[in-house]
Amino acid sequence: MNQKNQKRSNYSAQNIQVLEGLEAVRKRPAMYIGDIGTRGLHHLVWEVVDNAVDESLAGFCTEVNITVHPDHAITVSDNGRGIPVDIHPKVKKPTLEVVMTVLHAGGKFDKDAYQVSGGLHGVGVSCVNALSGYLKATIHRDGKSYEQTYSKGIPTSQVEEVGNSSQRGTTIYFRPDETIFTTTTYQYDTIVGRLRELAFLNPGLRLQLTDMRTTQEDGSYKQDIFFSEGGLNEFVTFIDSSRDSILPAPITVTGKKNGVIVEVAFTYNTGYSENLVSYVNNINTIEGGTHVGGFRRAITRTLKSYAETSGALEKVKITIVGDDFREGITAVIATKVPEPQFEGQTKTKLGNAEVTGIVDKAVSDALQVYLEEHPKQAKTILSKVIAAAQARHAARKARDMIRSKTTIKTTSLPGKLAPCINTNPEESEIFLTEGQSASGTAKQGRNRHTQAILSLRGKILNVDKTQEYKIYENEELKNIIISLGVTFGTDEDQRAVNMEKLRYHKIIIMTDADVDGKHISTLILTFFFRYMPDLFQQGYVYLAQPPLYLVKKGNEKHYCWNEEEQAQLIAMLEVKPGKGNITIQRYKGLGEMNADQLWNTTLNPETRKLKQVTVESAAEADRLFSMLMGGDVPPRRAFIQNHAQYAELDV
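Worth saying up front: this structure is predicted, and the values here are computed from it rather than measured.

K.L.:
Help me get a handle on the overall build of the protein chain, residues and values and all.
P.N.:
The number of helices and strands found in the protein chain is 20 helices and 27 strands. Counting over 651 residues, the protein chain shows a buried share of 54%. Here the protein chain has roughly 29,300 Å² of accessible surface; of this, 48% comes from carbon and sulfur atoms.

This is the structure we're talking about:
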């Protein structure tokens, strides 16, 4: 082992640097984990798992096991080096206790211990500890086992040696603090999505998920194992599984310069979207950044140079721009950056300027070789590029017409829009409703000062099967764009969305609770995801939750949102004294409610239930929308069968 590797493997108390304390986490948890709902709850798991994956990045971990317990507790166990337990030289406490109880204390600041890491700079595990009602850390290292327990971030025991061990690694068992979180129920599919993603990003790492809440027919617990040998190549194939590829296999890129490692895999399909998923040190950079900029620049420059040299553009009479070279592309861009600098609204946009050129060079070199060695595939790609340019030219005319309408006074807004009086976007919300009956009731029951209603007619266009220019010609989609006040297109990016004049900071999709209603809401969500992804990043998209049942007994009436609530209510009313029979009304559509009922159950901010739509994993969301809206029926049927019991779709 050379001197550098020897130094890295000698992971001890000297590698742990203390920056500041932990006081603010419990007071302002959302500052550290995003929110105190479902997203923040799962963020606790990501923090602990990311620490284990960082051990894999450092070359010392091959397995991570995650268990969901019936009491909403989580166990994450790895076979890495194990957190050091010796006394920290600066604070004179066991290093394990320092790591678990002090904010910004960790090995991630010492590049001899970790060259790159995805954990949030030492914040992660201490935040998990602070927000857990109970946490136990078990460490296996140097032939011994050690334990320490905590409650709400405070140690409830000393670091104790509890026996001999032939294992090595760290096991964290934690139970989220119910006084902090609005929910403590973990969603299996959400965890699956992240672990699958990590397996592709870290080929050779085995991740196992066990759900002790669910017992299968053979008596075993529900379990999934994630392991990838092909890495990003398999990742792109998985994401694009519901699309028709025009290449026999993805194009792969690897490169390294100044400590920055570049890995890219991409392919082209018959679709019309650009689907880029990017990561830095395993962190999903949903806002992109310099690594994405380098990739786009390389694709445009290299393909354009090849097209000009080969004479493919001689008969093309319109200008071809960067967007045209990327239509129908699906790519995963993964970089390892020793000192990543993040910026943007959600701190998931890479800002390191030097990464642009490094990614550009790696992608350009690999693509140039591919085009020269695969002339048939090169011709196929260029044919798609030319078709994209022709469609974009048509789209620009239609888009410019819409842009002119969005800048005019409200007198030019769509006739199907009932605008609200308030013009402050932060205080205004718009309901996208389907059908005249529901829209009419909503207009009568709404608060006219802050609530706008846009009536849509039937199922909107499926944008996953449609060229861009047709979107701006579709009446329903055009009404949505004009009503929201957004515009599309800049000189650099024809598809860039401008939300500076967005009129509403709550966009609420309100459809019937039947199959058609779900289909319509999914079509709208697909449109937003493909053309206005910033709406999700800003947290502006919601699903209304109208009740399914009205249960009456005598003068009492209660609304129920699902069958379980209905059964519990009926059981309560049956034993409750009082005259009258129990009657149940099943709402087949929103139009069956009167204005007062719709206001009380679905419109009133004080009593309604809204479900915010967020995108945790861009890759999983892209695959899911493609599967639901694409032409491949079997996977869509299987998904519907597996998820038919759920009322809504979490993206």
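Having seen the structure, we can now continue with the description.
K.L.:
Got a sec to walk through unusual backbone geometry? Specific residues and values, please.
P.N.:
A positive phi angle, close to 55°, is found at D142, a residue other than glycine. Turning to its location among the elements, D142 is positioned in the loop between β3 (132–141) and β4 (144–151). Residue N258 is not a glycine yet carries a positive backbone phi of 55°. Relative to the assigned elements, N258 resides in the loop between β10 (251–257) and β11 (260–268).

K.L.:
If you had to explain the pairing of β3 to someone new, which residues and values would you point to?
P.N.:
Within β3, 7 of the 10 residues are buried, leaving the element largely enclosed by the surrounding structure. In terms of strand pairing, β3 meets strand β7 (residues 169–176) through 8 bridges, oriented antiparallel. Along β7, the bridge assignment pairs Y134 with R175. Where β3 meets β4, 7 bridges bridge the pair, whose relative direction is antiparallel. From the neighbouring strand, I139 faces β4, where its bridge partner is Y146. Where β3 hands over to β4, the hairpin turn is made up of 2 residues, of which D142 adopts a positive phi near 55°.

K.L.:
Tell me about the nonpolar core, residues and numbers included.
P.N.:
Counting residues in hydrophobic clusters, the biggest one holds 47 residues, and the most contacted among them are F174, Y186, L195 and L209. In terms of residue count, the dominant contributor to this core is helix α3 (residues 38–57) (8 residues). Residues contacting L209, with those up to four places away along its chain left out, are I66, V68, Y188, I191, V192, L195, K222, Q223, D224 and F226. One finds I481, L502, Y531 and M532 within the second-largest nonpolar core, a separate group that totals 42 residues.

K.L.:
Can you explain the sheet that holds strand β26 (residues 582–586)? Please cite residues and give values.
P.N.:
What links the strands of a sheet is backbone hydrogen bonding, and the strands pair in either a parallel or an antiparallel sense. Across the sheet, 3 strands lie side by side as β25-β24-β26; this open sheet has antiparallel pairing. Bordering the open sheet on either side are β25 (556–560) and β26, each of which pairs with just one other strand. Across the sheet, the axes of successive neighbouring strands diverge by a mean angle of 20°, strand direction being ignored. As paired strands, strand β24 (residues 549–553) and β26 are joined by 5 bridges and run antiparallel to one another. In the sheet register, Y549 faces β26, and the bridge partner there is R586.

K.L.:
I'd love a proper account of the pattern of salt bridges, names of residues and values included.
P.N.:
Considering all chains together, one arrives at 23 salt bridges under this definition. One salt bridge in this structure joins D71 and R175, with 3.7 Å as the shortest N-O distance. Taken together, the residues span a long stretch of sequence, with D71 in the loop between β1 (63–68) and β2 (74–78) and R175 in strand β7 at a distance of 104 residues. On the basis of relative accessible area, D71 is assigned to the partly exposed category, the value being 35%. For the salt bridge of K576 with E556, the shortest nitrogen-to-oxygen distance reads 3.0 Å. Residue K576 is found in the loop between α17 (563–575) and β26, and its partner E556 is found in strand β25; the two are separated by 20 residues along the sequence. Residue classification places K576 among the partly exposed residues on the basis of a relative accessible area of 37%. Here E556 falls in the partly exposed class, since its relative accessible area comes to 26%. Several salt bridges share partner residues, and in doing so they unite E274, R296, D323 and R326 into one network.

K.L.:
I'd like to hear about the environment of I251, residue by residue, with values.
P.N.:
Relative to the assigned elements, I251 resides in strand β10. Assessed through its relative accessible area of 3%, I251 is described here as buried. C-alpha separation for the pair I251 and N233, spaced 18 residues apart in sequence, amounts to 7.9 Å. When near neighbours in sequence (up to four residues on either side) are disregarded, I251 contacts V264, A265, F266, L367 and Y370.

Cut-offs applied
- Residues numbered from 1 in each chain as written.
- Predicted model: local features only at pLDDT ≥ 70, side-chain atom pairs only at ≥ 80, totals over all residues.
- Heavy atoms only, no water.
- Helix = DSSP H or I, 4+ residues; strand = E, 2+ residues; numbered from the N terminus.
- Buried < 20%, exposed > 50% of the residue type's maximum accessible area, 1.4 Å probe, protein only.
- Areas by Shrake-Rupley, 256 points an atom, 1.4 Å probe, with all protein chains shown as cover.
- Pairing = 2+ DSSP bridges.
- Core = buried A, V, L, I, M, F, W, Y, C linked by side-chain atoms within 4.5 Å.
- Contact = heavy atoms within 4.5 Å.
- Axes fitted to C-alpha atoms, helices over the stretch in contact; angles between N-to-C directions.
- Salt bridge = Lys/Arg side-chain N within 4 Å of Asp/Glu carboxyl O.

Any functional reading would require information that these geometric values do not contain.
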